[in-house]
Amino acid sequence: MRQHYLIGFFAALVLSIALGLYMFFEPARQAQAQLDLLTQQVSEGQELYAEDCAVCHGAAGEGLGATPALDSEGLRAMDFDTLYKVIARGRYDTAMAAWSVTDGGPLNDAQIESLIAVIQQGDWLSTRGVVVGLGLEPRAPISVTVTNETLLQIAALPDGERLASAVQTYATECVACHGANGQGTSLASALNTEALRVDRSAAQLTTAVTSGVAGTVMPAWAGTLTPEQIGDVVLLIQRWDELPANAIPEPPARPIIVTEALLAAGEQLYAASCARCHGTEGQGTRRAPALNEQPFFETYTADAALIQIISQGVPGTAMPAWGDRLGETEVEAIVAYLRSWEPTAPAVAVPQTGGGFGGPPWQRANAAPNAQPLAQEQPQTATAADPVGAGASPASAPVVDWRIAALIGIPTAFVLATLVGASLALWKLRNA
Ligand code: HEC
Ligand code: HEC
Ligand code: HEC
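All of the points below concern the structure found in this document. Given the structure is predicted, the values throughout are model-derived calculations rather than measurements. All chains use their own residue numbering, which begins from 1 and follows the written sequence. Working convention: letters from A go to chains and numbers from 1 go to ligands, in the order in which they are written. Two thresholds apply to this predicted model, a pLDDT of at least 70 for residue-level local features and 80 or more for giving and counting side-chain atom pairs, whereas whole-chain, interface and lining totals are computed over all residues. For the side-chain quantities, the full set of heavy atoms in the structure was used; hydrogens and water were omitted.

Some points on the site of ligand 2
Note the cut-off: The nearness test applies per residue and asks whether one of its heavy atoms lies within 4 Å of the molecule or strand. Distance and chemistry together define a polar contact, namely a pair of N or O atoms within 3.5 Å, with one atom able to donate a hydrogen and the other to accept it when in protein, and with adjacent residues in sequence counting only for side-chain atoms on both sides. By the criteria applied, helices consist of DSSP H or I runs no shorter than four residues and strands consist of E runs no shorter than two, each listed in order from the N terminus. Note on residue classes: Ala, Val, Leu, Ile, Met, Phe, Trp, Tyr, Cys and Pro are nonpolar, Asp, Glu, Lys and Arg are charged, and everything else, Gly too, is polar.
Lining the immediate environment of ligand 2, one finds 22 residues, of which C174, C177, H178, S189 and M218 sit closest. Between ligand 2 and H178, the relevant distance is 2.8 Å, taken from a nitrogen atom to a side-chain nitrogen or oxygen of the residue. At 2.9 Å from an oxygen atom of ligand 2 is found a side-chain nitrogen or oxygen belonging to R200. Among the elements of the structure, α7 (160-178), α9 (202-211) and α10 (227-238) are those that each provide at least two residues to the shell around ligand 2. With four residues, the top contributor of residues to the shell around ligand 2 is α7. Of the residues contributing to the shell around ligand 2, the split by class is 17 nonpolar, three polar and two charged.

Take a look at the structure:
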C-alpha cells in the first residue's frame, strides 16, 4: 500500500513543480510580450509619423511654426479616446486633417493606435532618428522672391494683376512643397501640368486649395488666404503655360548648420563608411582620391555640390551612391566634417598605403602610419533598435515558452505516474 502513497505523492510533486514554474515565468513572459508589442507598435508608428505628420509637427514632435508640438506632457497624459478622436477626426477648419479611414483619411485603427503609442510612450529622439533616416526631415518654411521684371511681364498679360498677385502668393506659401515654377518636389505633385489645366474645373481646384487634400500634407488654405487670393491662385494654375519661363525660382538650398554634435556624427560616419577608400585622414588610398587636400576644396566650393556627389556617387567608379544608405542629415554631417579639414588641408596629400587598404598582401599592416581595420562596413543608420527607449532587450527572455512546457509536461507527468502505478499494482498482484 505504501507504494501507492509514494506514487500519489510524486505525481502531486511533479504537478505542483510544473505549475509553479509556469506561474513563476508567466508574469515575466506576459510583461515581455507586452513590451515586444509596444516596441513593434512604436516602430510602425514612427514610420507613419515620418511620412504623415513630421512635415507639420517637426521631426522630433517639436512643432513647426503655427503647428503645435506633439512632444508635450499634456498629450502624454491625455486619455486614449480623446487623443484617438483628435487624430481620427482632425480639428475642424485647421490644417489638422481627419486621418481615419472612417473620416476619409488614409489610416486604419491599428495605424492610429501606433501613432498614439509614439506620442504617449515613444522616445522623440528615436522618432527623429527614423524621420531623418527616411530622409523626411522637414525643412524650415521656404519662400522665394520673384523679380520685379518678371512681375511686370506677368502683369501685362490679360488679368495680369491677379496672376502677378497669385505668383507672389505661390512664392511665399506653396513653393516649398510644389517647387520652382510649379514643377513639383518629392513632397507634392506639379501644379503646372496640362492635366490640371484640362482635367480639373476651377471649382475642383478651388475646393482643393480651400479645404486641402484629405490624407495628404496639402493644408486647407481657407484660414490663411482670402477667397480672392485663392481665386487668383486657381487662375494661375489654369494659365500656368502663359507665364514666362522660370518665373518662380528654385528655393535656396538650406545651409548646413554646423554643431559640435553634427561634426562628431560626421567623423564617426566618415570612419565607418569612407575611410577605407579615402584614407583615415582623407589622404587618399589606392582605391580612391584624397579629399583632404587643397585642390579638392578648390573644386568643391559649394556644400550642395558635395552633398550631390556623396548622395549620387560617381557612376562607373567605385564611389558608391550613399543617398540610399544615409539620411539627408547624415550626408550633411559628413560634408561638415570634410569642411573642417579645409583650413589645414595640404597642397598635395600623401596617399595612405598598405594595411588592408588594398595594398599588396606582403606588406605588414603596421607599415602604414594610419592602419585601420577594414571591418567597419556598416553605415550607422539613425533607425534606433530601441524605439520605446525602455532599454530592455529581450535577450534575457526564457528560450522555451513555459506555457507550452507546462502543457506538455503536466499530462506527460500524469501518464507516467499512471503507468508506473499500474505496473506496480500488476507486480503486486503477480506476487500476491
Ligand atoms: C498639414 C499639417 C499637419 C499635419 C500633416 C498633421 N497635423 Fe496634427 N495638427 C496640425 C495643426 C495646425 C494642429 C492644431 C489644430 C488646432 O488649432 O487645434 C494639429 C493638432 C494636432 C494634435 C492636437 C495637439 C494638441 O496639443 O491639442 C494632435 C494630437 C495631432 N495634430 C496629431 C497629428 C498626427 C498624429 C499627424 C499625422 C498622422 C498629424 N497631426 C499631421 C497640423 C498638422
Ligand atoms: C506642406 C506641403 C504643401 C503646401 C505648402 C502646399 N501644398 Fe498643395 N498639395 C500638397 C500635396 C501633398 C498635394 C496632394 C497631391 C500630391 O500627391 O502631391 C497637394 C495638392 C494640391 C492641389 C490639387 C492637385 C490635384 O492634383 O488635384 C492643388 C490645386 C494644390 N495643392 C495647390 C496648392 C497651393 C495653391 C498652395 C499654396 C497656397 C499649396 N498647394 C501648398 C502639398 C502642399
Ligand atoms: C569603395 C570605395 C569608396 C568608398 C567606400 C567611398 N568612396 Fe568616395 N570615391 C571613390 C572613388 C573611386 C572616387 C573617384 C571617382 C572618380 O574617379 O571620379 C571617389 C570620389 C569621391 C569624391 C569626389 C572626389 C573628387 O575629387 O572628385 C568625394 C567627395 C567622395 N568620394 C566622398 C566620399 C565619402 C564622403 C564617402 C563615405 C560616405 C566615400 N566617398 C566613400 C571610392 C570610394
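On we go.
Observations concerning the coordination of the iron atom of ligand 1
Just so we agree on the cut-off: Each metal's donors are the N, O and S atoms found within 2.8 Å of it, except that Na, K and Ca use a 3.2 Å limit; water is left out, so coordination can look incomplete. Tetrahedral means four donors with every angle between 85 and 135 degrees, whereas square planar (four donors) and octahedral (six donors) require angles over 155 degrees between opposite donors and between 65 and 115 for all others; sites fitting neither are termed irregular.
For the iron atom of ligand 1, every protein donor is listed as H57 (NE2) and M96 (SD), and the spread of their distances is 2.0 to 2.2 Å. One can describe the site at the iron atom of ligand 1 as octahedral: its six donor atoms subtend angles covering 87 to 178 degrees at the metal. Of this pair, H57 sits in helix α1 (residues 2-57) while M96 sits in the loop between α3 (80-89) and α4 (109-121), placing them 39 residues apart in sequence.

Re unusual backbone geometry
Backbone geometry at D159 places phi at a positive 55 degrees, although glycine is not the residue there. Looking at where D159 falls in the secondary structure, it is placed in the loop between α6 (148-155) and α7. The backbone phi angle of N181 is positive, close to 55 degrees, even though this residue is not glycine. Examined against the element boundaries, N181 turns out to sit in the loop between α7 and α8 (194-199).

A few points about the environment of P320
In plain terms, the rule: Exposure classes here rest on a 1.4 Å probe applied to the protein chains alone. A residue is buried below 20% of its type maximum, exposed above 50%, and partly exposed in between. Contacts: residue pairs with any heavy atoms within 4.5 Å of one another.
Tracing the backbone shows P320 in the loop between α14 (303-312) and α15 (328-339). Under the relative-accessibility criterion, P320 is labelled partly exposed at 25%. A sequence separation of 46 residues divides P320 from C274, and the C-alpha atoms of the two residues are 9.9 Å apart. Beyond its immediate sequence surroundings of up to four residues, P320 is in contact with I310, G313 and R325.

Regarding helix α5 (residues 124-133)
Judged by how many residues are buried, α5 sits mostly within the fold: seven of 10 residues are covered. For α5, the complete set of buried residues consists of W124, S126, T127, G129, V130, V131 and V132. Taken from the residues just after α5, G135 is the one with a positive phi, measuring 70 degrees.

Some remarks on the environment of L243
Turning to its location among the elements, L243 is positioned in the loop between α10 and α11 (260-273). The exposure class of L243 is buried, given its relative accessible area of 10%. For the pair L243 and I154, spaced 89 residues apart in sequence, the C-alpha to C-alpha distance is 6.6 Å. With residues up to four places along the chain from it excluded, the contact list for L243 reads I154, V167 and L236.

Observations concerning α11
What counts here: One less than the residue count of a helix, multiplied by 1.5 Å, gives the span that helix is expected to have. In this context, the arc is that of the directions from the helix axis out to the C-beta atoms.
With 14 residues, α11 should reach 20 Å at 1.5 Å per residue; the first-to-last C-alpha distance of 20 Å fits that figure. Within α11 the residues assigned to the buried category are L262, G266, L269, Y270, A272 and S273. Down the axis of α11, the buried set is contained in an arc of 165 degrees. They therefore lie on one face. In α11, those exposed residues whose orientation departs by more than 90 degrees from the buried face are E260 and A261. Buried residues in α11 make contact with α12 (275-278) and α15.

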